Protein chains: 2
Amino acid sequence: MPVTPADYPKYMRIAHEQALKSLSEGGIPIGGCIVHAPTGDVLSKGHNKRVQENSNIKHGETDALENLGRVREGLLRECIMFTTLSPCIMCSGTCVLYKFPTVVLAENDNFVGGEDFLRSQGVEVVNLKDAEITKMMADWIASDAGKKIWNEDIGEVSAE
Amino acid sequence: MPVTPADYPKYMRIAHEQALKSLSEGGIPIGGCIVHAPTGDVLSKGHNKRVQENSNIKHGETDALENLGRVREGLLRECIMFTTLSPCIMCSGTCVLYKFPTVVLAENDNFVGGEDFLRSQGVEVVNLKDAEITKMMADWIASDAGKKIWNEDIGEVSAE
């Protein structure tokens, strides 16, 4: 069945589960999933792997793409990227490269990434303003782990 | 020794070697390397792994970052990204995320990526206009392998 906006929370739950999986592994709680809009098929999912794999490039969105592997030309133009957090500029650029028409995020209270850039490139950006996911991320950023790791993941430098 | 522009061709040779390594593996001949500007240390190198690892996210630049692994906050702000080809918008976004001050590319005759975007974000972009690397990439794009794989790597769709 084609995906409609009423379905977005259902798919976001999959991204949320990925974020919680990462948290349970001691990782950064951000998850993503890729859904084929014409059919509703969930093609892939993933989560941040900075801690788990010592990775600089595996965020929720890019890890979902990496788990997907190669697909036929143009398939990603028919897909929606779901992510639990406003996508950073790396992940925004990735969505532009592969011409995702829509990016759905759970929240941008904890971080605002490349939303304006995505829109400037014609990508639809939808914010679900999910209270539960917002709290999960806020709690993690305020935790000891978050204080140590979060700035590294978004290219920032902590105050001395 | 601090890196000066006179050193750029020497470091580009490392990225070129990475591109040739990828080519010898049946992969896409694009390579990158990351150099610490204040010391001249080559911190990492990498190449496109679409074919070798079925990867959607490992381009020359991002693979070099992945091979580097986690580093101290702010280190990448002191680094130069070298790449054999004008960086696609995914890799451009990645350089913006980590605040690379300078991106040095070998050529943009075969593809123009996110150079304007990089400049708009304050990143210095230097094009070495390397004839040998330009020919290597042009030859590959025109080859049977290039005709099959190149559009996939840059998010395009081949004409029927």
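Residues numbered from 1 in each chain as written. Chains lettered and ligands numbered in written order. Predicted model: local features only at pLDDT ≥ 70, side-chain atom pairs only at ≥ 80, totals over all residues. Heavy atoms only, no water.

### Examining the relation of the copies chain B and chain A
Under the fitted operation, chain B is carried onto chain A by 0.0 Å of movement along the axis and a turn of 180°, and the coordinates agree to an RMSD of 0.0 Å. Such a combination of rotation and displacement between the chain copies is what one expects of a two-fold axis. In terms of C-alpha distance to the rotation axis, chain B has Gly93(B) as its closest residue, with the C-alpha 2.6 Å off the axis. The share of interface residues of chain B whose copies in chain A are also at the interface is 100%, consistent with both copies meeting through the same surface. (Least-squares fit on C-alpha atoms with pLDDT ≥ 70 in both. Contact = heavy atoms within 4.5 Å.)

### Brief notes about helix 1 (residues 8–24) of chain B
In an α-helix there are 3.6 residues to a turn, and that puts residues three or four apart on one side. Residues and elements named next belong to chain B. For helix 1, spanning 17 residues, the distance from its first C-alpha to its last is 24 Å, which sits close to the expected 24 Å at 1.5 Å a residue. Listed in full, the buried residues belonging to helix 1 are Tyr8, Tyr11, Met12, Ile14, Ala15, His16, Gln18, Ala19 and Ser22. Directly after helix 1, the chain includes glycine 26, whose backbone phi takes a positive value near 85°. (Helix = DSSP H or I, 4+ residues; strand = E, 2+ residues; numbered from the N terminus. Expected span 1.5 Å × (residues − 1). Buried < 20%, exposed > 50% of the residue type's maximum accessible area, 1.4 Å probe, protein only.)

### Remarks on the nonpolar core
Formed by 68 residues in total, the largest nonpolar core has its most connected members in Phe100(A), Trp150(A), Phe100(B) and Trp150(B). In this view, Trp150(A) contacts Ile28(A), Ile30(A), Leu85(A), Phe111(A), Met137(A), Trp140(A) and Ile141(A); residues no more than four positions away in its chain are not counted. (Core = buried A, V, L, I, M, F, W, Y, C linked by side-chain atoms within 4.5 Å.)

### Overview of the state of the cysteines
Taken as a whole, this structure holds 0 disulfides over all chains when the rule is applied. Take Cys33(A): it sits in no disulfide, and the sulfur closest to it among the cysteines is that of Cys79(A), at 10 Å. (Disulfide = S-S within 2.5 Å.)

### Some thoughts on the UniProt feature "domain: CMP/dCMP-type deaminase" (unreviewed entry) in chain A
In the UniProt entry, the feature "domain: CMP/dCMP-type deaminase" (unreviewed entry) is given for residues 6–126 of chain A. End C-alpha atoms of residues 6–126 of chain A are separated by 12 Å, and the span's content is 37% helix alongside 21% strand. (UniProt positions renumbered as here; feature names shortened; annotations may be inferred.)

### Observations concerning the sheet that holds strand 4 (residues 102–105) of chain A
Residues and elements named next belong to chain A. Pairing in this open sheet of 5 strands is mixed, and the strands run 2-1-3-4-5 from one edge to the other. Two strands bound the open sheet, and with one partner strand each, they are strand 2 (41–47) and strand 5 (124–127). When the angles between neighbouring strand axes are averaged without regard to direction, this sheet yields 20°. Against the sheet, helix 1 (residues 8–24) touches strand 1 (31–36), strand 2, strand 3 (79–83), strand 4 and strand 5, its axis set at about 145° to strand 1. (Pairing = 2+ DSSP bridges. Axes fitted to C-alpha atoms, helices over the stretch in contact; angles between N-to-C directions.)

### A word on the pairing of strand 3 (residues 79–83) of chain B
All names here are of chain B. Where burial is concerned, most of strand 3 is hidden: 5 out of the 5 residues are buried. Burial along strand 3 is two-sided: the residues Cys79, Met81 and Thr83 and Ile80 and Phe82 are all buried. Summarising the sheet, strand 1 (residues 31–36) and strand 3 pair through 5 bridges and their orientation is antiparallel. Residue pairing across strands places histidine 36 opposite cysteine 79, the latter belonging to strand 3. Where strand 3 meets strand 4 (residues 102–105), 4 bridges bridge the pair, whose relative direction is parallel. The residue bridging threonine 83 from the neighbouring strand is leucine 105, located in strand 4. Considered for its hand, the β-α-β crossover made up of strand 3, helix 4 (residues 89–97) and strand 4 is right-handed. (Right-handed = clockwise from strand over helix to strand, strands pointing away.)

### Observations regarding the pattern of salt bridges
Per the stated rule, a full pass over the model turns up 26 salt bridges over all chains. The salt bridge involving Glu156(A) is made with Arg77(B); its shortest N-O contact spans 3.6 Å. A residue pair is termed interchain when its members come from two chains, as with Glu156(A) in the segment after helix 7 (144–153) and Arg77(B) in the loop between helix 3 (60–68) and strand 3. Since its relative accessible area comes to 32%, Glu156(A) is described here as partly exposed. Relative accessible area serves as the criterion here: at 32%, Arg77(B) is assigned to the partly exposed category. In this structure, the salt-bridge partner of Lys99(B) is Glu156(A), at a minimum N-O distance of 3.2 Å. Remark: Glu156(A) occurs in the segment after helix 7 and Lys99(B) occurs in the loop between helix 4 and strand 4; the pair is interchain, linking two chains. On the basis of relative accessible area, Lys99(B) is assigned to the partly exposed category, the value being 31%. (Salt bridge = Lys/Arg side-chain N within 4 Å of Asp/Glu carboxyl O.)

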